[in-house]
Amino acid sequence: MRLFAAVVPPRPAIDELADEVAQLRAALPDRRGRLRWTEPALWHFTLAFLGEVDEALLPELDERLGRAAHRYPVHELRFAGGGRFGDRILWVGATGSVETLGALARSTAAGARRAGVHMTDTKPFRPHLTLARTAGHVNLRPYAEELAEFRGRRWWAERVELVQSRLPTSGAPGERPRYETVASWPLGTRRAG
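Quick caveat: nothing in here was measured; it's all calculated off a predicted structure.

Basis of the calculations
Residues numbered from 1 in each chain as written. Predicted model: local features only at pLDDT ≥ 70, side-chain atom pairs only at ≥ 80, totals over all residues. Heavy atoms only, no water. Helix = DSSP H or I, 4+ residues; strand = E, 2+ residues; numbered from the N terminus. Buried < 20%, exposed > 50% of the residue type's maximum accessible area, 1.4 Å probe, protein only. Lys, Arg positive; Asp, Glu negative; His and termini not counted. Salt bridge = Lys/Arg side-chain N within 4 Å of Asp/Glu carboxyl O. Polar contact = N/O pair within 3.5 Å; in protein donor to acceptor, adjacent residues only side chain to side chain. Contact = heavy atoms within 4.5 Å. Pairing = 2+ DSSP bridges. Axes fitted to C-alpha atoms, helices over the stretch in contact; angles between N-to-C directions.

Below, the discussion takes up the environment of Glu-149. Within the secondary structure layout, Glu-149 lies in the loop between helix H4 (141-147) and strand E7 (151-157). Residues Glu-149 and Ala-6 lie 143 residues apart in sequence; the distance between their C-alpha atoms is 25 Å.

Our focus in this paragraph is the side chain of Glu-161. Structurally, the position occupied by Glu-161 is in strand E8 (residues 159-166). Buried and unpaired, Glu-161 has Arg-159 as its nearest opposite-charge partner, separated by 5.2 Å. Here the side chain of Glu-161 touches Thr-181 through a polar contact of 2.9 Å, side chain to side chain. If sequence neighbours within four positions are ignored, Glu-161 has contacts with Phe-4, Ala-5, Ala-6, Val-8, Thr-181, Ala-183, Ser-184 and Trp-185.

Here we take up the pattern of salt bridges. In the structure shown here, the tally under the stated rule is seven salt bridges. A salt bridge links Arg-153 to Glu-16; the shortest N-O distance between them is 3.6 Å. Of this pair, Arg-153 sits in strand E7 while Glu-16 sits in helix H1 (residues 11-27); the two residues are 137 residues apart in sequence, bridging distant segments of the chain. Owing to a relative accessible area of 23%, Glu-16 belongs among the partly exposed residues under this scheme. Of the charged contacts, one joins Glu-180 and Arg-166 as a salt bridge, the two residues approaching to 3.4 Å between their closest N and O atoms. Highlighted residues: Glu-180 in strand E9 (residues 178-186) and Arg-166 in strand E8, separated in sequence by 14 residues.

Turning our eyes to something else, we now look at the sheet that holds strand E5 (residues 89-96). Read across the open sheet, the five strands follow the order E2-E6-E5-E4-E7; overall the sheet is antiparallel. Every interior strand has two partners, whereas the edge strands, strand E2 (35-37) and E7, have only one. With strand direction ignored, the average angle separating the axes of adjacent strands in the sheet is 30 degrees. Bridging between strand E4 (residues 75-85) and E7 involves five bridges; their strand directions are antiparallel. Looking at the pairing, His-75 lines up with Ala-157 of E7. Across the sheet, H1 is in contact with E2, E4, E5, strand E6 (129-134) and E7; its angle to E7 comes to roughly 150 degrees. In the packing of helix H3 (residues 98-114) onto the sheet, contacts are made with E4 and E5, and the angle to E4 comes to roughly 80 degrees.

Read these as geometric descriptors, not functional statements.
Given below as C-alpha coordinates:
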(Lines give C-alpha, C1' and ligand atoms only; values in the text may rest on other atoms or scores of the structure.)
Protein backbone atom coordinates (compact mmCIF):
# COMPACT_ATOMS: atom_id res chain seq x y z
CA MET A 1 0.00 0.00 0.00
CA ARG A 2 1.31 3.45 -0.91
CA LEU A 3 0.52 5.60 2.14
CA PHE A 4 0.91 9.07 3.57
CA ALA A 5 -0.28 10.78 6.75
CA ALA A 6 -2.02 14.11 6.33
CA VAL A 7 -4.18 16.88 7.72
CA VAL A 8 -7.14 17.54 5.44
CA PRO A 9 -8.61 21.05 5.64
CA PRO A 10 -12.38 21.39 6.12
CA ARG A 11 -14.70 22.01 3.17
CA PRO A 12 -15.27 25.78 3.75
CA ALA A 13 -11.52 26.44 3.71
CA ILE A 14 -11.10 24.26 0.61
CA ASP A 15 -13.95 26.08 -1.14
CA GLU A 16 -12.42 29.48 -0.36
CA LEU A 17 -9.03 28.36 -1.69
CA ALA A 18 -10.69 26.86 -4.79
CA ASP A 19 -12.23 30.28 -5.52
CA GLU A 20 -8.79 31.90 -5.18
CA VAL A 21 -7.25 29.31 -7.50
CA ALA A 22 -10.04 29.87 -10.06
CA GLN A 23 -9.23 33.60 -10.05
CA LEU A 24 -5.51 32.82 -10.39
CA ARG A 25 -6.15 30.54 -13.36
CA ALA A 26 -8.32 33.19 -15.02
CA ALA A 27 -5.68 35.89 -14.47
CA LEU A 28 -2.80 33.70 -15.71
CA PRO A 29 -4.22 31.21 -18.21
CA ASP A 30 -2.03 28.22 -19.09
CA ARG A 31 -2.59 28.27 -22.85
CA ARG A 32 -0.17 25.42 -23.49
CA GLY A 33 -1.76 23.13 -20.91
CA ARG A 34 1.48 22.45 -19.07
CA LEU A 35 0.09 22.92 -15.57
CA ARG A 36 -1.61 19.93 -13.98
CA TRP A 37 -3.88 21.46 -11.35
CA THR A 38 -4.65 19.33 -8.32
CA GLU A 39 -8.34 18.77 -7.70
CA PRO A 40 -9.66 20.39 -4.50
CA ALA A 41 -10.96 16.99 -3.34
CA LEU A 42 -7.32 15.85 -3.11
CA TRP A 43 -5.95 18.88 -1.22
CA HIS A 44 -4.14 18.13 2.03
CA PHE A 45 -1.06 18.94 4.09
CA THR A 46 1.24 15.91 4.00
CA LEU A 47 2.67 15.24 7.45
CA ALA A 48 4.72 12.21 6.42
CA PHE A 49 5.07 10.28 3.17
CA LEU A 50 5.35 6.63 4.13
CA GLY A 51 5.74 5.14 0.64
CA GLU A 52 5.03 1.46 0.06
CA VAL A 53 3.94 -0.14 3.34
CA ASP A 54 3.27 -3.82 3.98
CA GLU A 55 -0.34 -4.31 5.18
CA ALA A 56 1.02 -6.42 8.06
CA LEU A 57 2.34 -3.16 9.60
CA LEU A 58 -1.10 -1.51 9.72
CA PRO A 59 -2.02 -2.56 13.31
CA GLU A 60 1.26 -1.17 14.72
CA LEU A 61 0.99 1.88 12.48
CA ASP A 62 -2.54 2.47 13.74
CA GLU A 63 -1.31 2.35 17.34
CA ARG A 64 1.70 4.63 16.75
CA LEU A 65 -0.10 7.25 14.65
CA GLY A 66 -2.99 7.29 17.11
CA ARG A 67 -0.52 8.07 19.90
CA ALA A 68 1.11 10.82 17.83
CA ALA A 69 -2.26 12.44 17.12
CA HIS A 70 -3.28 12.27 20.78
CA ARG A 71 -0.17 14.24 21.85
CA TYR A 72 -1.13 17.40 19.96
CA PRO A 73 -4.09 19.72 20.39
CA VAL A 74 -6.58 20.81 17.80
CA HIS A 75 -4.94 23.92 16.37
CA GLU A 76 -5.79 26.88 14.20
CA LEU A 77 -4.43 27.29 10.69
CA ARG A 78 -5.07 29.48 7.65
CA PHE A 79 -3.99 29.17 4.07
CA ALA A 80 -1.48 31.95 3.50
CA GLY A 81 0.79 33.01 0.71
CA GLY A 82 2.13 30.93 -2.08
CA GLY A 83 5.36 29.65 -3.42
CA ARG A 84 7.01 27.21 -5.72
CA PHE A 85 9.57 24.47 -5.64
CA GLY A 86 11.60 25.53 -8.64
CA ASP A 87 9.40 25.46 -11.68
CA ARG A 88 7.95 22.06 -10.81
CA ILE A 89 5.37 22.62 -8.04
CA LEU A 90 3.11 25.55 -7.13
CA TRP A 91 1.85 25.58 -3.57
CA VAL A 92 -0.07 27.56 -0.97
CA GLY A 93 1.36 27.83 2.52
CA ALA A 94 -0.08 28.11 6.00
CA THR A 95 0.00 30.45 8.95
CA GLY A 96 -1.31 30.06 12.47
CA SER A 97 -0.14 27.21 14.67
CA VAL A 98 2.43 25.97 12.16
CA GLU A 99 4.82 25.05 14.98
CA THR A 100 2.23 22.59 16.30
CA LEU A 101 1.66 21.26 12.78
CA GLY A 102 5.41 20.80 12.36
CA ALA A 103 5.73 18.97 15.68
CA LEU A 104 2.79 16.76 14.69
CA ALA A 105 4.54 15.99 11.38
CA ARG A 106 7.77 15.01 13.15
CA SER A 107 5.90 12.86 15.66
CA THR A 108 3.89 11.19 12.90
CA ALA A 109 7.07 10.34 10.97
CA ALA A 110 8.74 9.01 14.12
CA GLY A 111 5.69 6.87 14.91
CA ALA A 112 5.73 5.41 11.40
CA ARG A 113 9.42 4.56 11.71
CA ARG A 114 8.82 2.91 15.10
CA ALA A 115 6.03 0.87 13.51
CA GLY A 116 8.59 -0.52 11.07
CA VAL A 117 7.97 1.69 8.04
CA HIS A 118 11.17 2.30 6.08
CA MET A 119 10.85 5.98 5.17
CA THR A 120 13.11 7.38 2.49
CA ASP A 121 11.76 10.96 2.47
CA THR A 122 13.94 12.77 5.01
CA LYS A 123 13.29 16.37 3.96
CA PRO A 124 12.36 18.70 6.82
CA PHE A 125 8.64 19.43 7.09
CA ARG A 126 7.52 22.57 5.30
CA PRO A 127 3.76 23.16 5.49
CA HIS A 128 2.41 23.47 1.97
CA LEU A 129 -0.52 22.28 -0.06
CA THR A 130 0.28 21.43 -3.68
CA LEU A 131 -1.92 23.32 -6.13
CA ALA A 132 -0.27 22.37 -9.43
CA ARG A 133 2.59 20.44 -10.96
CA THR A 134 4.22 21.18 -14.27
CA ALA A 135 4.51 19.04 -17.36
CA GLY A 136 7.30 20.72 -19.26
CA HIS A 137 8.78 24.12 -18.55
CA VAL A 138 6.45 26.65 -16.91
CA ASN A 139 7.59 29.82 -15.16
CA LEU A 140 5.75 29.51 -11.84
CA ARG A 141 7.03 32.81 -10.45
CA PRO A 142 4.00 34.88 -11.61
CA TYR A 143 1.60 32.33 -10.08
CA ALA A 144 3.46 32.36 -6.74
CA GLU A 145 3.55 36.17 -6.78
CA GLU A 146 -0.23 36.30 -7.33
CA LEU A 147 -0.72 34.05 -4.30
CA ALA A 148 1.73 35.96 -2.07
CA GLU A 149 -0.91 38.15 -0.41
CA PHE A 150 -3.62 35.50 -0.10
CA ARG A 151 -4.89 34.92 3.45
CA GLY A 152 -7.73 32.48 3.91
CA ARG A 153 -10.22 32.08 6.71
CA ARG A 154 -9.12 30.36 9.88
CA TRP A 155 -9.84 26.68 10.26
CA TRP A 156 -8.99 23.99 12.76
CA ALA A 157 -6.71 21.02 12.22
CA GLU A 158 -8.61 18.32 14.10
CA ARG A 159 -7.49 14.95 12.73
CA VAL A 160 -4.59 13.00 11.30
CA GLU A 161 -5.58 10.83 8.36
CA LEU A 162 -3.72 7.85 6.96
CA VAL A 163 -4.34 7.94 3.21
CA GLN A 164 -3.73 5.34 0.55
CA SER A 165 -2.65 6.77 -2.79
CA ARG A 166 -3.66 4.65 -5.76
CA LEU A 167 -1.59 5.70 -8.73
CA PRO A 168 -3.13 5.81 -12.21
CA THR A 169 -2.85 2.55 -14.12
CA SER A 170 -4.54 3.21 -17.44
CA GLY A 171 -1.82 5.43 -18.87
CA ALA A 172 -4.47 7.87 -20.07
CA PRO A 173 -3.22 11.48 -20.20
CA GLY A 174 -4.42 13.55 -17.27
CA GLU A 175 -5.45 10.58 -15.14
CA ARG A 176 -4.99 11.46 -11.47
CA PRO A 177 -4.21 9.39 -8.40
CA ARG A 178 -7.11 8.38 -6.18
CA TYR A 179 -6.92 8.87 -2.43
CA GLU A 180 -8.71 6.74 0.12
CA THR A 181 -8.60 7.33 3.88
CA VAL A 182 -7.52 4.10 5.57
CA ALA A 183 -7.69 5.36 9.17
CA SER A 184 -7.95 8.63 11.07
CA TRP A 185 -7.35 9.84 14.60
CA PRO A 186 -8.61 12.94 16.40
CA LEU A 187 -6.03 15.29 17.82
CA GLY A 188 -5.72 15.16 21.58
CA THR A 189 -7.21 18.30 23.02
CA ARG A 190 -10.37 19.93 21.77
CA ARG A 191 -10.34 23.66 21.22
CA ALA A 192 -12.19 25.89 23.64
CA GLY A 193 -15.43 27.47 22.39
